[in-house]
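Secondary and tertiary structure notes
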Amino acid sequence: MKPVNEELKEIVDSVKKYIEIEKLATGTDALALTPRSVSGARGGNTLEDLRKRVLSCAGCELCQTRTNVVFGSGSARAKLMFVGEAPGMQEDLQGLPFVGRAGQLLTKIIESIGLKREDVYIANVLKCRPPENRNPLPTEILTCEEYLIKQIELIRPRVICALGKFAAQTLLRSQETISRLRGNFYDYHGAKLIPTFHPAYLLRNPNDKRFVWEDMKKIRKELTKRHAV
Ligand code: URA
């Protein structure tokens, strides 16, 4: 584990970098404390337009160490969206989310409720891999979160499943443990958000798969409800 002062220094450096980026992006000294809105940004307004923008993003330092941006994959009309933490090594190499061991388990979880990977949409809070898979920094989240929110606005899933503590706490702005958050539905940008355990956690704690099965049954039930469109 890193010493606390080293970790604090990293955070302070990252905040300084964020302020510099904000000044460059806005052309003023005014600091935006909420994620910048991507609506009205240059380019069109489809998922493909957004993907092109994100592929050339240089909004934080992760652009210097990434091999590929991992934008997301799946159906642009998905009713169910999964959101993980950040790309790992395999995802960074292939430019696709959840393609490593945890990804194989996620595929099985999706199939357990009669869906295929192509039917859902899979994305991460961060689009670039943090070096050595370290935890995402607050400024990286702030810079990248606008892309996720825009993805959600464009796909308009009925249900979002947040995978693991990090995605759940980030999206819900909560400090609650994943054990407490999981299994409940929360309102999020017009969708119902349900946190569950991350597949990488399940690989280490297979006994907890039963909780994910319970959560997936709730998702299946929610998806089969009749909805007035
Ligand atoms: N873990 C994640 O949170 N996301 C990925 O894409 C892969 C592993």
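Residues numbered from 1 in each chain as written. Predicted model: local features only at pLDDT ≥ 70, side-chain atom pairs only at ≥ 80, totals over all residues. Heavy atoms only, no water.

What to know about the overall build of the chain
A count of helices and strands for the chain gives 9 helices and 6 strands. Counting over 229 residues, the chain shows a buried share of 45%. Here the analysis covers contacts within the chain between residues at least 6 apart in sequence; of these, 71% occur between residues at least 24 apart. (Helix = DSSP H or I, 4+ residues; strand = E, 2+ residues; numbered from the N terminus. Buried < 20%, exposed > 50% of the residue type's maximum accessible area, 1.4 Å probe, protein only. Contact = heavy atoms within 4.5 Å.)

Regarding the side chain of Arg129
Mapped onto the elements of the fold, Arg129 is located in the loop between β3 (121-124) and α5 (138-155). With no salt bridge to any partner, buried Arg129 finds its closest opposite charge in Asp92, at an N-O distance of 4.9 Å. At a separation of 2.8 Å, a polar atom in the side chain of Arg129 contacts the side chain of Asn133. In this view, Arg129 contacts Leu62, Thr65, Pro87, Gly88, Met89 and Asp92; residues no more than four positions away in its chain are not counted. (Lys, Arg positive; Asp, Glu negative; His and termini not counted. Salt bridge = Lys/Arg side-chain N within 4 Å of Asp/Glu carboxyl O. Polar contact = N/O pair within 3.5 Å; in protein donor to acceptor, adjacent residues only side chain to side chain.)

Remarks on the packing of helix α2 (residues 47-55) against α5
Where α2 meets α5, the axes come as close as 10 Å, and the angle between the chain directions of the two elements is 165°. As the angle between them shows, α2 and α5 are arranged roughly antiparallel. You can see that α2 and α5 cross each other, and the crossing is left-handed. Note on element contacts: α5 touches α2 through Tyr147, Lys150, Gln151, Leu154 and Ile155, opposite Leu47, Leu50, Arg53 and Val54. Split into classes, the residues belonging to the contact of α2 with α5 amount to 6 nonpolar, 1 polar and 2 charged. (Axes fitted to C-alpha atoms, helices over the stretch in contact; angles between N-to-C directions. Parallel < 35°, antiparallel > 145°, perpendicular 65-115°, else oblique. Left-handed = near helix turned anticlockwise from the far one by under 90°. Nonpolar A, V, L, I, M, F, W, Y, C, P; charged D, E, K, R; others polar.)

Points about the nonpolar core
Soluble, globular proteins show a tendency: their nonpolar side chains are buried together. Formed by 54 residues in total, the largest nonpolar core has its most connected members in Met81, Phe82, Val83, Tyr121, Leu148, Ile160 and Ile219. When residues of this core are assigned to their parent elements, the largest contribution, 7 residues, is made by α5. Leave out the neighbours within four places in its chain, and Phe82 touches Leu106, Ile110, Val120, Tyr121, Ile122, Ala123, Cys161, Leu163 and Met216. (Core = buried A, V, L, I, M, F, W, Y, C linked by side-chain atoms within 4.5 Å.)

Re α2
Among the residues making up α2, those that are buried are Leu47, Leu50 and Val54. Projected down its long axis, α2 shows its buried positions confined to an angular sector of 60°, all on one face. The inward-facing, buried residues of α2 contact β3 and α5. (Arc of directions from axis to C-beta.)

Considering the site of the ligand
Near the ligand, the surroundings consist of Gly84, Glu85, Ala86, Glu91, Pro97, Phe98, Asn124 and His198. The backbone of Glu85 places a nitrogen or oxygen atom 2.8 Å from an oxygen atom of the ligand. When the ligand is considered free in solution it has 240 Å² of accessible area, and contact with the protein chains removes 90% of it. Its residues assigned to classes, the shell around the ligand shows 3 nonpolar, 3 polar and 2 charged. (Near = heavy atom within 4 Å. Areas by Shrake-Rupley, 256 points an atom, 1.4 Å probe, with all protein chains shown as cover.)

Looking at the packing of aromatic side chains
What the rule picks out here adds up to 2 aromatic pairs. Linked through ring pairs, Phe197, Tyr201 and Phe211 together constitute an aromatic cluster. (Phe/Tyr/Trp six-rings, centres within 6.5 Å; stacked < 30°, edge-to-face > 60°.)

Overview of the sheet that holds strand β6 (residues 191-196)
Sheet strands associate in pairs through backbone hydrogen bonding, adopting either a parallel or an antiparallel arrangement. The sheet built from 6 strands is open, its strands ordered β1-β3-β2-β4-β6-β5 with mixed pairing. Strand pairing shows two members of the sheet lacking a second neighbour, β1 (73-74) and β5 (186-188), which therefore form its edges. In this structure, β5 lies alongside β6, joined through 3 bridges in antiparallel fashion. Note that in β6 the partner of Tyr188 across the bridge is Ala191. Its contacts with the sheet put helix α9 (residues 209-224) on β2 (80-84), β4 (159-163) and β6, and the angle it makes with β6 is roughly 170°. (Pairing = 2+ DSSP bridges.)

Function cannot be read off these values alone, since they describe shape.
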